[in-house]
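Secondary and tertiary structure notes
Residues per chain, in single letters:
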Amino acid sequence: MSGLLEGARRIFGRSSDIDVRVSGLADAVTAARGRLADEQLDRAQEVVDRAQARLRLSADHTVVALAGATGSGKSSTFNALAELDLAAVGVRRPTTSWATACVWGTLGASDLLEWLGIPIRHQSMRDSMLDLSQRDSKEKDLSGLVLLDLPDHDSTEVSHHLEVDRLVELADLMVWVLDPQKYADAAIHDRFLRPLSAHRDLMLVVMNHIDEVEPERRESLLADARRLLAADGLADVPLLAISAVTGEGIDELHRELAGRVRGKAATRTRIGTDIATATDDLVAASGTAAVPEFGRTERDRLIDAVADAAGVPIVVDAVRTAAGRRARRATGWPVTSWLAGLRPDPLKRLHLELAPDQRDLVTAARSSLPEPDGIHLARVDGRVRELADSVSGELTRPWASAVRRASISNIDRLNDRIDRAITETDLGAGRVPLWCRIVRLLQWVLLLAAVAGAIWLGALAVSDHLTIAMPDPPSVRGFAMPLVMLIGGVVLGVLLALLSRVLVRMGARSRAARAERRLRASIAEVTEELVVEPIAAELATYQRVQDGLAAARG
Ligand SMILES: Nc1nc2c(ncn2[C@@H]2O[C@H](COP(=O)(O)OP(=O)(O)OP(=O)(O)O)[C@@H](O)[C@H]2O)c(=O)[nH]1
Ligand SMILES: [Mg+2]
């Protein structure tokens, strides 16, 4: 009982292993669509489909295909193993056009035979064709065997080749039937043996027609065949000398097959090898690099680069200059401010007039960017590509270009949205601050005082000259009031202007910093959505493919 449980555990354990590997490859293929080459993915998908189909079918049967050149004796060997004349053996070449199947022992192979595409008229149930006395112990050993006699692979019949290619893919085990005349033919070595060398654990090679070889030549014939097999990468594959006519070596072949059929491992080994081969193929294209870092640091670097390329520093500069200039004009000494107004405005070169409303200011700033929009777009595009390339630096070429494609997939929308983000972001640089307006009021009061002082002084001088009596002006600490008003008004106005300059510079800087924060936040939001997320999604896809391939490797 415990042995039974142990056996069940072993079988189920193994089965879930192979299931995990198959579904790992299936996931990898699905995720890699559009990234790795279609034909490579199609091949892997075929392997997955085949494996899944085979795993759903009988695990109690082992499909063994007899394959080889025409006349090598496949049908004769088939009959010799079955000990029945099931397959047509002929002198006309080629003889076998469609595969024939013989099933040993257990029932329940019909779905499997249907999947193999063997029509009912080409199927034999060996049990039902024997009477009880004929069922010897050897026969029991082979129960579970589904033996296929294939057409040749080397005649001019194209349909034969197709049938062979198809069934060689589906069989669990392959028995290659060679003969002393044609065993060195390139056809079988180049088309089958070498390409299938990964499946060496699932192969047997027989040298048939051995009865036709002089006993003293047999050794060297087999040694030469071994040498060729070793060159195909099949050094350890069993090579048996047999004669389907005299029965020599058939028992040994029988025993070899019985061992494999009893082990019931061939099906899973075949699927495992197919999965491994397809996986290696995909790993070669997908690479083994770890999923690249794309955390906060990389994302921020990307967002900063986009913001810079989009001209944020220029806009921020413009905000600082404009805010500073406005405040300076408001707080400066009215006379010099007026004179400065007569000088050509350096900002005018940037079309950065002091706009009454912030939106105009920003629009002006945007349009004041030194390049036309095309160049600005190209620069954003260039920076995005550059950063996408540095993120995907370790990846294989298909993935690097997938990441790059993802990074610029929304580049046109990105540019529009950046423009919108810049024009719609509240830069907080709209109005002259309250303190500036108070200072301006103060400046005018001081100026008026100075002008009044000057007029007063003028009036005193004129009255003196014309000897018209005018009351003496009051004096402040020994100085005449009009003089105090004139000098005090001018000096205080200039001092106030100088002090304000310092405050204006600080104010402009903090306004610029606030504008920069807001602009970068708006651009970060847009870049996050249109660049960062597509890159992250692509890297997640890469992760899924790598996980799938790792599972497929087992
Ligand atoms: N002497 C000898 N003749 C054999 C042996 N095996 C097969 N033959 C003969 O070789 C010829 C071809 O045998 P088949 O079994 O039809 O060969 P096949 O590989 O099925 O050929 P196709 O169906 O055309 O691909 C027949 O005349 C067989 O009798 C053998 O081991 N020794
Ligand atoms: Mg045949």
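In what follows, the structure referred to is the one given above.
Values in this document were obtained by computation on a predicted structure and should not be read as measured data.

Close to ligand 1 lie 22 residues, the nearest being Thr70, Lys74, Ser76, Thr95 and Asp211. Contact distances for ligand 1 include 3.3 Å between an oxygen atom and a side-chain N or O atom of Ser243. Surface burial for ligand 1 is 87%, taken as the share of its 640 Å² of free accessible area covered by protein chains. The residue makeup of the shell around ligand 1, split by class, is 5 nonpolar, 12 polar and 5 charged.

Here we take up the environment of Met481. Mapping Met481 onto the fold places it in helix 19 (residues 481-553). Residue Met481 is classed as partly exposed on the basis of its relative accessible area, which comes to 28%. Sequence separation between Met481 and Trp456 is 25 residues; the distance between their C-alpha atoms is 9.1 Å. Not counting the four nearest positions on each side in its chain, Met481 is found in contact with Trp456, Pro474, Ser475 and Val476.

If you look at the biggest cluster of nonpolar residues, it comprises 64 residues, and the most contacted ones within it are Leu25, Ile275, Leu282, Val380, Leu414, Ile523 and Ile535. Considering each element in turn, this core owes the most residues, 15 residues, to helix 19. Excluding anything up to four places from it in sequence, Ile535 contacts Phe294, Leu302, Ala388, Val403, Ala406 and Ser407.

With that out of the way, let us pick up a nonpolar patch on the surface. A cluster of nonpolar side chains, Val476, Phe479, Leu483, Val484, Ile487, Val491, Leu492, Val494, Leu495 and Leu498, forms an exposed patch at the surface whose accessible area comes to about 830 Å². When residues of the nonpolar patch are assigned to their parent elements, the largest contribution, 8 residues, is made by helix 19. Mapped onto the elements, Leu483 comes out in helix 19. Here Leu483 falls in the partly exposed class, since its relative accessible area comes to 34%.

Glancing now at the coordination of the magnesium ion (ligand 2). On the protein side, the magnesium ion (ligand 2) has Ser75 (OG) and Thr96 (OG1) as donor atoms, found 2.0 Å from it. Separated by 21 residues along the polypeptide, Ser75 in helix 3 (residues 74-82) and Thr96 in the loop between helix 3 and strand 2 (100-103) bring together distant segments of the chain. Ser75 gets classed as buried once you look at its relative accessible area, which sits at 8%. Judged by its relative accessible area of 13%, Thr96 is buried.

Considering the arrangement of structural elements, one finds His160 in helix 6 (residues 158-170). At 3.3 Å, the side chain of His160 forms a polar contact with the side chain of Ser97. A distance of 2.8 Å separates polar atoms of two side chains, one belonging to His160 and the other to Asp152.

Moving on, we get to helix 18 (residues 434-465). With 32 residues, helix 18 should reach 46 Å at 1.5 Å per residue; the first-to-last C-alpha distance of 46 Å fits that figure. Here helix 18 has its buried residues at Cys436, Val439, Gln443, Leu446, Leu447, Ala450, Gly453, Leu460 and Ser463. Positive backbone phi, approximately 50°, marks Thr467, located one or two places after helix 18.

Rules used in this analysis
- Residues numbered from 1 in each chain as written.
- Chains lettered and ligands numbered in written order.
- Predicted model: local features only at pLDDT ≥ 70, side-chain atom pairs only at ≥ 80, totals over all residues.
- Heavy atoms only, no water.
- Near = heavy atom within 4 Å.
- Polar contact = N/O pair within 3.5 Å; in protein donor to acceptor, adjacent residues only side chain to side chain.
- Areas by Shrake-Rupley, 256 points an atom, 1.4 Å probe, with all protein chains shown as cover.
- Nonpolar A, V, L, I, M, F, W, Y, C, P; charged D, E, K, R; others polar.
- Helix = DSSP H or I, 4+ residues; strand = E, 2+ residues; numbered from the N terminus.
- Buried < 20%, exposed > 50% of the residue type's maximum accessible area, 1.4 Å probe, protein only.
- Contact = heavy atoms within 4.5 Å.
- Core = buried A, V, L, I, M, F, W, Y, C linked by side-chain atoms within 4.5 Å.
- Patch = residues over 30% accessible without salt bridge, like charges linked within 9 Å, V, L, I, M, F, W, Y side chains within 5 Å.
- Salt bridge = Lys/Arg side-chain N within 4 Å of Asp/Glu carboxyl O.
- Donors = N, O, S within 2.8 Å, 3.2 Å for Na, K, Ca; no water.
- Expected span 1.5 Å × (residues − 1).

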